[in-house]
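Take a look at the letters that make up each chain.
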Amino acid sequence: METMETTHLTRVLALIRERGWKYRSCREDGCDSIDFEYRGVPYHIWEFCDGEWGVETNVRHGGRSEDLTGDYEEQLLEIMKDWR
C-alpha cells in the first residue's frame, strides 16, 4: 500500500483507508490514480486534466469505464457511500 498526498481525491482516499480496502495510489504529472479492490472486484479512479479536471473510473459499472467531470470527488463518494 502506497500513500500519496492528494489534492483532488482526499476524501475518496480517506474513505478507502477507513474501510480497510487494499489499494495502490500514485501521482503523475499532477494527476492522481487510485486502484483498489472491493469484494474482490478491481476498481480504478484515474484523474486527468484535458482542459478541465475529471476522472476515468469504473466505480459505477464495474467492468465499464466512464468519465466524471465537475465535482467528481463528490460523485464518487455518492456512488461508494453504501459500499461496506
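This is a predicted model, so every value here is computed, not measured. (Residues numbered from 1 in each chain as written. Predicted model: local features only at pLDDT ≥ 70, side-chain atom pairs only at ≥ 80, totals over all residues. Heavy atoms only, no water.)

Peer 1: Which residues make up helix α2 (residues 72-80), and what values do they have?
Peer 2: Looking at α2, one finds that the buried residues are Y72, E73, L76, L77, I79 and M80. One face of α2 carries all of its buried residues, which in axial projection span an arc of 160°. On its buried face, α2 sits against α1 (10-19), β2 (31-38), β3 (41-49), β4 (53-57) and β5 (66-69). (Buried < 20%, exposed > 50% of the residue type's maximum accessible area, 1.4 Å probe, protein only. Helix = DSSP H or I, 4+ residues; strand = E, 2+ residues; numbered from the N terminus. Arc of directions from axis to C-beta. Contact = heavy atoms within 4.5 Å.)

Peer 1: How would you explain the sheet that holds β2 if you had to name every residue and give the values?
Peer 2: Read from one edge of the open sheet, five strands run β1-β2-β3-β4-β5, paired in antiparallel fashion. Across the chains shown, the open sheet's two edge strands, defined by having one partner strand only, are β1 (23-28) and β5. Pairwise comparison of adjacent strand axes, ignoring direction, gives a mean angle of 20° for this sheet. The strands touched by α1 are β1, β2 and β3; relative to β2, the strand with the most contacts, the crossing angle is about 25°. (Pairing = 2+ DSSP bridges. Axes fitted to C-alpha atoms, helices over the stretch in contact; angles between N-to-C directions.)

Peer 1: Requested: an account of unusual backbone geometry, with residues and values cited.
Peer 2: For D29, which is not glycine, the phi dihedral falls at a positive 55°. Residue position: D29 is located in the loop between β1 and β2. For D29, a relative accessible area of 74% gives the class exposed. With a phi angle near 55°, R39 is a residue other than glycine that sits in the positive phi range. The topology assignment puts R39 in the loop between β2 and β3.

Honestly, it's all geometry; don't read function into it.
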